[in-house]
Amino acid sequence: MKRRWTIHVIHHSHTDIGYTERQEKLERYHVDFIRQAIGILNGVHSAVHPNWRGFTWTCENTWQVERFLEQATEEETNDFWHYVHSGEIGLSGNYLNMTELVDMRVLENKLGRGLTEVRKHASVTSAMSADVNGYSWGYAQALLGQGIQNLISCIHPHHGMYPGYAKQRPFWWEAPSGEKLFVWVCDHYHIGNEMLLAPRAGINYTTRDELSGLVLKDPLKVRETRLTRYLENLEAEGYPYDLLPIMVSGISSDNGCPNGKIMDVLQEWNANHGDSVHLKMSSLDAFFAEMRPSCEDAPVYRGDFTDWWADGVGSTPAAVKQVRDAQRKYDLCQKLDPQGTLGSPRRMAEAEDAIMLYTEHTWGYSSSVSEPWATLVNDLDLRKTNYAVDANVAASRNLDAILAAKGETTIRPDRDKLYTVVNPHDRPVNGTVKLNLEHWEMVEETPVPEGVPFDDFAEIVDAATEKVLPSQSTVISRAREIEVAIALEPGEERQLLLRRTGRVPARTTASGVILGAEGVADFALSNPSVSVHGIHNEFFDLEFDENGIVSWRDRQDGGELIRPRSRPFGAIYQRTPLSLGATPTRTAMGRNRCSMATQHFHSQLTNITVERSGPVFDLVKLHYSLEGTRMYAVLLKAYKQSPRVQATVILHKESYWEPENLYVAMPFSVGDQQELFIEKTGCVVRPGIDQIPGTCMDFYLIQQGLAYVSPGKSLSIAVRDTPLITLAPLHHHPIELCSGDNVELNRACLYSWVMNNFWETNFKVDLGGFYEFTYDVTLHRGAITPEDAIADCYVLNEGLLGFPV
């Protein structure tokens, strides 16, 4: 080797909540790991283990510190802070190893809460992350906002790649605000175990010497061979520094324990090789203090550090839908009750905790694919799902409390048909609100003539002005849903009254259920706005043929809004035969989502039925056949007061052990000058353009939606339930890394990637069940900023609130 190396060995435990054990047991483990580290350090300072002097333990995140401080004795707490101050226990400002599923508000709050208690006793300026292979661009902003200046990212190259095309390299990550975070792209978080720095920790202790061809069995010789080869490779790659971080766990496992015997290995190494390669245990802050001054000329990257492991959310679509709904309700609580005086701050904190635990990166047990029937596999999956449910329950309870404080009533026999409607958003909304009328309400003694629709003898009026508002009702389970067209200013509240028109008397059954024609009989079949051939209103012309939606035109200028020969909301299903077995078949795919052997199936239209038509919307159902499902259908609801179409995909998915993917086509276009913008955690970016070089372009995990923006017109597409999208080819293909100017990808056909199970570990295999996924497409004419187009997605997904008073 050409230089004298100093290697900072950072000893930590990778937090993987649910991959190796039950989630609650792993919490106990991580609390005990800190206790073990304190015990080792007490032994060092009491001369029980004087040869372990220099031992340093790094807490990977503030979650484990929070859990320890909640359960520690006074003596343990004092010892912990003593060793933090001495530098023998290092801290990280990261809360957990997160996916991009978490939203910005929750992320910032939990980062802040995690650091609050710690910073009462010590400063924290560095953070580490392990296993996940990327972060939303807004993550840099979130860390900087909490005073974190440095991030070490321990990339897991399985299914992933290194940003900047190289490992063990620094860069300055310029956040959306222009501030810069110093990032070190490290190697795998167990690379030190591969070097045998942890004795007898589970890694193979044999290796083949490249020069002699002999098989080496002596751990010292294996260590010398592996570590020397690693450093020589770095020199050959042009690595410019003589400092290097290497992560190590006490055992070769996620959720591993401290191991004082690593100090024996380091001391043995330094005795033999310390003059050329010096190993020392270090904390994050110590490493960055020594490394950062040499890296002022490191490259500056601005954009998204796109995560290669975001695709895990596709393996649990039902639970992901739950947690996304929880985040929307959490956001509504913040908008309606910013000071927390109407609801409960405790419930909001409970929702935050559960959201973080669901959206952290662990999706399942290590044998979830190889033995999906195993009790522990299914126990851990239910516990993971429970985090999403707990988050939704906490957010729902808090939203209920806020609405109750605003006057929402419970069921009562003599309730007035009065409703409060609220626009919780900071922008005017011209949309609809849904009001429910229980099935036993509006019982009248005077009968209604047979076949008279409900909407003919009931109407919605503004309680203050008595202006009649366009409304349309639909029978749903145990109630009648009345959708009302209304325009509200930011934060505006208005009261609406449901009253009889006086035109028609009501007729009810003995049980009080109102009788009236539903479905097609609710309107004249001669209605020109809707038929099995298309939907036409003042905003859009949608045309159908035997394959589905064949045309979607802007009524004003006749411009087509979909790509030629495309079929919006049609589905593509993939299944790969298990030629090598459940796990090896998946392993052989590499970074692809399918293989050359993958079978591809397209949905086939079987029927079109007109479901509803009225003053507020037209509703058509497209029926399809699709391999892998017992049912696949799309409900298209075209609104008449605004240029908006809502598409609801409903399906009954069959269960398969084979690798699967299911995509929904979204081939929208607003012309040659369009750019695609997507919302990720804390930022709006253009896929293929606003990214760090060398990052993933195969898929993206978005927040509330995306927008096609051009100078003349734009489309907002609110994605309520399914956050994964892809622009890459759906067939097996060479993986292409982002160069920062991938305009072709930005203009490629878009697909919503609703579910998958193609990984060989961690993912849930069983995708079977009933699902409903909703998308809203809105046209904007004239100039609009990407941020405003994305803000429209929040309005569409969260909606206006209407409740009885």
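Residues numbered from 1 in each chain as written. Predicted model: local features only at pLDDT ≥ 70, side-chain atom pairs only at ≥ 80, totals over all residues. Heavy atoms only, no water.

### A word on the overall build of the protein chain
Right, on to step 1. What the protein chain contains, in helices and strands, is 15 helices and 39 strands.
Right, on to step 2. Expected size for 805 residues packed as a compact globule is a radius of gyration near 28 Å; at 29 Å, the protein chain falls within 12% of this value.
Right, on to step 3. Considering only C-alpha atoms, the protein chain reaches an extent of 100 × 55 × 50 Å along its principal axes.
Right, on to step 4. Every one of the 805 residues in the protein chain was classed for burial, and the buried ones make up 60%.
Right, on to step 5. Long-range pairs, those at least 24 residues apart, make up 76% of the contacts in the protein chain between residues at least 6 apart in sequence.
Right, on to step 6. Roughly 29,900 Å² of accessible area belongs to the protein chain as shown, and the carbon and sulfur atoms make up 50% of that amount. (Helix = DSSP H or I, 4+ residues; strand = E, 2+ residues; numbered from the N terminus. Rg over C-alpha atoms; globule rule 2.2 N^0.38 Å. Buried < 20%, exposed > 50% of the residue type's maximum accessible area, 1.4 Å probe, protein only. Contact = heavy atoms within 4.5 Å. Areas by Shrake-Rupley, 256 points an atom, 1.4 Å probe, with all protein chains shown as cover.)

### Points about the nonpolar core
Right, on to step 1. With 208 residues, the main nonpolar core has Phe80, Trp184, Trp552 and Phe569 as its most contacted residues.
Right, on to step 2. Beyond its immediate sequence surroundings of up to four residues, Phe569 is in contact with Ile549, Trp552, Tyr632, Val634, Leu636, Ala647, Val664, Ala665, Phe668, Tyr775 and Val777.
Right, on to step 3. Membership of the second largest hydrophobic core comes to 19 residues, among which are Leu435, Ile482, Val484 and Ile486. (Core = buried A, V, L, I, M, F, W, Y, C linked by side-chain atoms within 4.5 Å.)

### A word on the packing of helix α1 (residues 23-45) against helix α3 (residues 74-86)
Right, on to step 1. Relative orientation of the contacting elements α1 and α3 amounts to 70°, with a least axis distance of 10 Å. When the axes of α1 and α3 are compared, the pair comes out roughly perpendicular. In this structure, α1 uses Ile34, Arg35, Ile38, Leu41, Asn42 and His45 to contact α3, whose residues at the interface are Glu76, Asp79, Phe80 and Tyr83.
Right, on to step 2. Along the lines of polarity and charge, the residues of the contact of α1 with α3 split into five nonpolar, two polar and three charged. (Axes fitted to C-alpha atoms, helices over the stretch in contact; angles between N-to-C directions. Parallel < 35°, antiparallel > 145°, perpendicular 65-115°, else oblique. Nonpolar A, V, L, I, M, F, W, Y, C, P; charged D, E, K, R; others polar.)

### With respect to the packing of aromatic side chains
Right, on to step 1. Applying the stated criterion across every chain yields a total of 34 aromatic pairs.
Right, on to step 2. Aromatic side chains Tyr135 and Phe305 sit 5.0 Å apart centroid to centroid with 85° between the ring planes, which places their arrangement in the edge-to-face category. Here Tyr135, found in the loop between β4 (126-131) and α5 (137-145), pairs with Phe305, found in the loop between β12 (300-302) and α10 (317-336); they are 170 residues apart in sequence, far enough to count as distant. No difference in accessibility class separates Tyr135 from Phe305, as the two residues are buried.
Right, on to step 3. Put simply, the rings of Trp5, Trp172, Phe182, Trp184, Tyr239, Tyr241, Phe287 and Phe288 pair up and form one aromatic cluster.
Right, on to step 4. Seen from the ring of Tyr656, Arg575 lies directly overhead, with NZ or CZ sitting 4.1 Å from the centre. (Phe/Tyr/Trp six-rings, centres within 6.5 Å; stacked < 30°, edge-to-face > 60°. Lys NZ or Arg CZ within 6 Å of the ring centre and 35° of its normal.)

### Some thoughts on empty space enclosed by the protein
Right, on to step 1. For the structure shown, the criterion picks out five cavities of 30 Å³ or more.
Right, on to step 2. Taken as a whole, the largest cavity encloses approximately 80 Å³ of empty space.
Right, on to step 3. Taken together, 13 residues make up the lining of the largest cavity; nearest its centre are Trp309, Gly312, His361, Trp363 and Asn762.
Right, on to step 4. Looking at the lining of the largest cavity, its residues break down into seven nonpolar, four polar and two charged. (1 Å grid on protein atoms, 1.4 Å probe; cavity = no way out; pocket = protein on both sides within 12 Å on 5 of 7 lines; lining within 4 Å. Points joined across faces, edges and corners; volume = space filled by probe spheres on them.)

### Quick word on unusual backbone geometry
Right, on to step 1. Here the phi dihedral of Asn255 falls at roughly 55°; this positive angle occurs in a residue that is not glycine.
Right, on to step 2. With a relative accessible area of 5%, Asn255 lands in the buried category.
Right, on to step 3. With phi around 80°, Asn762 is a residue other than glycine that occupies positive phi space.
Right, on to step 4. Considering the arrangement of structural elements, one finds Asn762 in the loop between β37 (750-756) and β38 (769-781).

### What about the pairing of strand β18 (residues 479-488)?
Right, on to step 1. In terms of burial, β18 is largely enclosed, as nine of its 10 residues are buried.
Right, on to step 2. Where strand β14 (residues 429-438) and β18 come together, 10 bridges link them in antiparallel fashion. Opposite Val433, over in β18, you have Val484 as the bridge partner.
Right, on to step 3. A loop of two residues connects strand β17 (residues 471-476) with β18, the two strands running antiparallel in sequence, and Arg478 in this loop sits at a positive phi of about 65°. (Pairing = 2+ DSSP bridges.)

### Concerning the layout of surface pockets
Right, on to step 1. Its volume calculated, the second largest pocket comes out at about 490 Å³.
Right, on to step 2. Around the second largest pocket sit 24 residues that line it, and Asp331, Glu679, Ile790, Ala791 and Tyr794 are the ones nearest its centre.
Right, on to step 3. Taken together, the residues of the lining of the second largest pocket break down into seven nonpolar, six polar and 11 charged.

### Description of the confidence of the model for the protein chain
Right, on to step 1. Mean pLDDT for the protein chain: 93, with 95% of residues reaching 70 or above.
Right, on to step 2. Confidence drops under pLDDT 50 across residues 505-526; counting only partners more than four residues distant or on other chains, this segment forms 49 contacts. (pLDDT = per-residue confidence, 0-100.)

### Some remarks on α10
Right, on to step 1. Counted at 1.5 Å a residue, the expected span for α10 with its 20 residues is 28 Å, and the 28 Å between its end C-alpha atoms agrees.
Right, on to step 2. Burial runs high along α10: 15 of the 20 residues are buried. (Expected span 1.5 Å × (residues − 1).)

### As for the side chain of Ser613
Right, on to step 1. On the secondary structure map, Ser613 appears in strand β26 (residues 604-613).
Right, on to step 2. Within the local environment of Ser613, its side chain forms a polar contact with the side chain of Asp618, the two groups lying 2.5 Å apart. (Polar contact = N/O pair within 3.5 Å; in protein donor to acceptor, adjacent residues only side chain to side chain.)

### Re the pairing of strand β28 (residues 629-639)
Right, on to step 1. When you tally the buried positions in β28, you get eight out of 11 residues, the bulk of the element.
Right, on to step 2. Pairing analysis gives eight bridges linking strand β27 (residues 617-625) to β28, with the strands arranged antiparallel. Bridging across to β28, Leu622 finds its partner in Val634.
Right, on to step 3. Where β28 lies against strand β29 (residues 644-653), nine bridges are found, and the strand directions are antiparallel. Paired with Val634 across the strands is Val649, a residue of β29.
Right, on to step 4. Taking the residues that link successive antiparallel strands as the turn, the β28-β29 hairpin has four residues.

### Examining the sheet that holds strand β5 (residues 150-155)
Right, on to step 1. In spatial order, the strands read β4-β5-β7-β6-β12; together these five strands make up an open sheet with mixed pairing. Strands with a single pairing partner mark the edges of an open sheet, and in this sheet they are β4 and β12. Each strand axis lies, on average, 30° off the axis of its neighbour in the sheet, ignoring direction.
Right, on to step 2. Note: strand β6 (residues 169-174) against strand β7 (residues 180-186), six bridges, orientation antiparallel. In the strand pairing of β7, Trp172 is matched with Phe182.

### Some words on the sheet that holds strand β20 (residues 530-531)
Right, on to step 1. If you trace the four strands from one edge of the open sheet to the other, you get β20-β21-β22-β23, paired in antiparallel fashion. Edge positions in the open sheet fall to β20 and β23 (548-554), since each of these has one partner strand only.
Right, on to step 2. Bridge count between β20 and strand β21 (residues 534-536): two bridges; the pairing is antiparallel. Among the inter-strand pairings, Ser531 is bridged to a residue of β21, identified as Gly534.

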